[in-house]
Amino acid sequence: MASEPVNVNEFQELARRALLKMYFDFYNGGAEDQHTLRENMEAFRRITFQPRVLVDVSRIDMSTTILGYPTSAPIMIAPTGLHKLAHPEGEVATARAAAACNTIMAMSFSADCTVEEVASSCNAIRFFQTYVYKRRDVTAVLVQRAERNGFKAIMLTVDTPRLGRREADIKNKMIAPQPKNLEGLLSTEAVSDNGSKLAAFAAETLDPSLCWKDIDWLRSVTSLPILVKGVLTAEDAIKAMEIGVAGIVVSNHGARQLDYSPATITVLEEVVRAVGGKIPVLIDGGVRRGTDIFKALALGAQAVMIGRPVLYGLAAKGEYGVRSVIEMLKDELELTMALSGCPTVKDITRSHDKGSSLEA
Ligand code: FNR
């Protein structure tokens, strides 16, 4: 591809060429048959919407707020681990791109840069994603380090009591250097039982007994607002609200956990209805186009998070690549809003699409 990439899919191809196969497969792959991986994207494609015409769209304002923090568009960077497999600057490059694009970065617990390095690299608004490990003290230490370093929220991932079966990683005997953010806290020297060293590490460290009541424990170690990431049902959304979380992320972990779980866009409306506007609902999984963002907003999401597209940009062109990916999606969203008669994100509503073929 000699010319500059013009969409996220072209960045994916650049990343494929730039990365070792083992690392590209790790970033790109999903669980087992990868049915949900395909569905995350296909379900977006099945949705169409009817534009409204003769609306003044001479000025489009994509800005919004997420948990009260202003962003230039309803797009956030999803937490993904091990950014140095993509680029030597790792999460620092990603954070700088977030700052340049005026958007929020959720940083993964399993980052190749420390929370301190990321915090001191730029003024991006940052959330910190965590799992709860058998070693609660390790979770507490990292959450508190994030809080001390100006991270604004904790994103607790709740769909990973065990790691999903990622067959590409098993075949490739996926191995990666210890994430620097965990240095001195958790050893990744676990011995693999199925070929993937990451799977063995996860099995040894993640706490499969984690329950709703444990969110109270997390709250006892931080004063930051807590979002739960990985909710796919109205029932769990209601439980999360009852327990007092600040927000919900509708997510299937980019289809890396439970294969044949629903595509996220197909359950978004159920969760949004259950939440009734009381707390923000974010969504991730399969967002590759500005039109996907428009669809998610029309079905009630406050914003979308993007995972792999950021990694593709980072692998292909470092910080510049991440910025390009985000700006591309922003440009596409802006055009979609103009062509469908929505000058602001508030204008993108389910009722705006009443009578359309928007069927999730
Ligand atoms: C992830 N994801 C993830 N989620 C999380 O809560 N903590 C993590 O450390 C990671 N790590 C991770 C690594 C890689 C390589 C990928 C692709 C994904 C899931 C991520 O936050 C998000 O839910 C999905 O990536 C969203 O789907 P898309 O945008 O990749 O389709």
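Residues numbered from 1 in each chain as written. Predicted model: local features only at pLDDT ≥ 70, side-chain atom pairs only at ≥ 80, totals over all residues. Heavy atoms only, no water.

S.K.: Quick question: what am I supposed to make of the layout of surface pockets here?
M.R.: Summary: where empty space remains is shown by rolling a probe the size of a single water molecule over the atoms. Here the largest pocket defines a volume of roughly 420 Å³. For the lining of the largest pocket, the secondary structure elements donating two or more residues are strand S1 (64-66) and helix H11 (264-275). (1 Å grid on protein atoms, 1.4 Å probe; cavity = no way out; pocket = protein on both sides within 12 Å on 5 of 7 lines; lining within 4 Å. Points joined across faces, edges and corners; volume = space filled by probe spheres on them. Helix = DSSP H or I, 4+ residues; strand = E, 2+ residues; numbered from the N terminus.)

S.K.: Any chance you could explain helix H4 (residues 90-100) here in plain terms?
M.R.: In terms of residue burial, H4 counts as a mostly covered element, since 8 of its 11 residues are buried. Here H4 has its buried residues at Gly90, Glu91, Val92, Ala93, Thr94, Ala95, Ala97 and Ala98. Looking at the buried positions of H4, the neighbouring elements they touch are strand S3 (75-77), strand S4 (104-107), helix H5 (115-121) and helix H13 (308-339). Positive backbone phi, at 55 degrees, marks Asn102, one or two positions downstream of H4. (Buried < 20%, exposed > 50% of the residue type's maximum accessible area, 1.4 Å probe, protein only. Contact = heavy atoms within 4.5 Å.)

S.K.: For this particular structure, what's the right way to read the packing of helix H1 (residues 8-18) against H13?
M.R.: A pair of packed helices is characterised by two quantities: the angle between their axes and the separation of those axes. Following both chains from N to C, one finds H1 and H13 inclined at 170 degrees, their axes separated by 10 Å at the closest point. As the angle between them shows, H1 and H13 are arranged roughly antiparallel. From H1, Val8, Phe11, Gln12, Leu14, Ala15 and Ala18 reach across to H13, where they touch Pro309, Tyr312, Gly313, Ala315, Ala316, Lys317, Gly321, Ser324, Val325, Met328 and Leu329. For the contact of H1 with H13, the residue count by class is 12 nonpolar, 4 polar and 1 charged. (Axes fitted to C-alpha atoms, helices over the stretch in contact; angles between N-to-C directions. Parallel < 35°, antiparallel > 145°, perpendicular 65-115°, else oblique. Nonpolar A, V, L, I, M, F, W, Y, C, P; charged D, E, K, R; others polar.)

S.K.: Before we go on, may I ask you to explain helix H12 (residues 290-298) in this structure?
M.R.: Residues that lie three or four places apart on an α-helix share one face, since the helix turns once every 3.6 residues. In terms of residue burial, H12 counts as a mostly covered element, since 8 of its 9 residues are buried. Listed as buried for H12 are Gly290, Asp292, Ile293, Phe294, Lys295, Ala296, Leu297 and Ala298. Where the residues of H12 are buried, they touch helix H3 (35-45), S3, H11, strand S9 (281-284), strand S10 (303-306) and H13.

S.K.: Quick question: what am I supposed to make of the pattern of salt bridges here?
M.R.: Opposite charge on two side chains permits them to pair, given that their charged atoms come into close proximity. In this structure the tally under the stated criterion is 18 salt bridges. Across the pair Lys317 and Glu4 runs a salt bridge, and its minimum N-O distance is 3.2 Å. In this pair, Lys317 is assigned in helix H13 and Glu4 in the segment before H1, connecting sequence segments 313 residues apart. Glu39 is paired through a salt bridge with Arg46; the nearest N and O atoms lie 2.7 Å apart. By sharing partners, the salt bridges in this structure join Arg136, Asp207, Lys213 and Asp214 into a single network. (Salt bridge = Lys/Arg side-chain N within 4 Å of Asp/Glu carboxyl O.)

S.K.: Please clarify how empty space enclosed by the protein should be interpreted in this entry.
M.R.: Under the definition given, this model contains 2 cavities of 30 Å³ or more. Looking at the largest cavity, its volume works out to about 700 Å³. What lines the largest cavity is a set of 42 residues, and nearest its centre among them are Phe26, Gly81, Tyr131, His253 and Arg256. Of all the secondary structure elements, the ones that give two or more residues to the lining of the largest cavity are helix H2 (21-28), helix H8 (197-205), S10 and H13. Here the lining of the largest cavity is built from residues that sort into 21 nonpolar, 14 polar and 7 charged.

S.K.: Looking at this model, I keep getting lost on the nonpolar core. Mind explaining?
M.R.: Side chains that are nonpolar tend, in soluble globular proteins, to be buried together. In terms of nonpolar packing, the biggest core is built from 105 residues, with Ile248, Ile265, Leu268 and Met337 touching the most fellow members. The element contributing the most residues to this core is H13, with 12 residues. Not counting the four nearest positions on each side in its chain, Leu268 is found in contact with Val250, Val281, Ile283, Ala296, Leu299 and Ala301. (Core = buried A, V, L, I, M, F, W, Y, C linked by side-chain atoms within 4.5 Å.)

S.K.: Explain the confidence of the model for the protein here, please?
M.R.: Should pLDDT be low for a region, the predicted coordinates there are not to be read in detail. When pLDDT is averaged along the protein, the result is 93, and 94% of the positions lie at 70 or above. Both scores are given for the predicted complex: the pTM is 0.96, the ipTM 1.00. (pLDDT = per-residue confidence, 0-100.)

S.K.: In this structure, what is going on with the environment of Ile279? I would like to understand it.
M.R.: Within the element layout of this structure, Ile279 appears in the loop between H11 and S9. Judged by relative accessible area, which is 15%, Ile279 ranks as buried. For Ile279 and Leu163, which are 116 residues apart along the polypeptide, the C-alpha to C-alpha distance reads 28 Å. With near-sequence residues (within four places) excluded, Ile279 lies in contact with Met241, Val245, Ala246, Gly247 and Ile248.

S.K.: Looking at this model, I keep getting lost on the packing of aromatic side chains. Mind explaining?
M.R.: Ring pairs (aromatic) are described by centroid distance and by the angle formed between their planes. The tally for this structure, following the rule as stated, stands at 8 aromatic pairs. A ring pair is formed by Phe26 and Tyr27, whose centres lie 5.7 Å apart and whose planes are at 40 degrees; its orientation type is tilted. Exposure remark for Phe26: the relative accessible area of 9% places this residue in the buried category. Ring geometry for Tyr69 versus Phe127: centroids 6.5 Å apart, planes at 65 degrees, classification edge-to-face. Of this pair, Tyr69 sits in strand S2 (residues 69-71) while Phe127 sits in strand S5 (residues 125-130), and the two are 58 residues apart along the sequence. (Phe/Tyr/Trp six-rings, centres within 6.5 Å; stacked < 30°, edge-to-face > 60°.)

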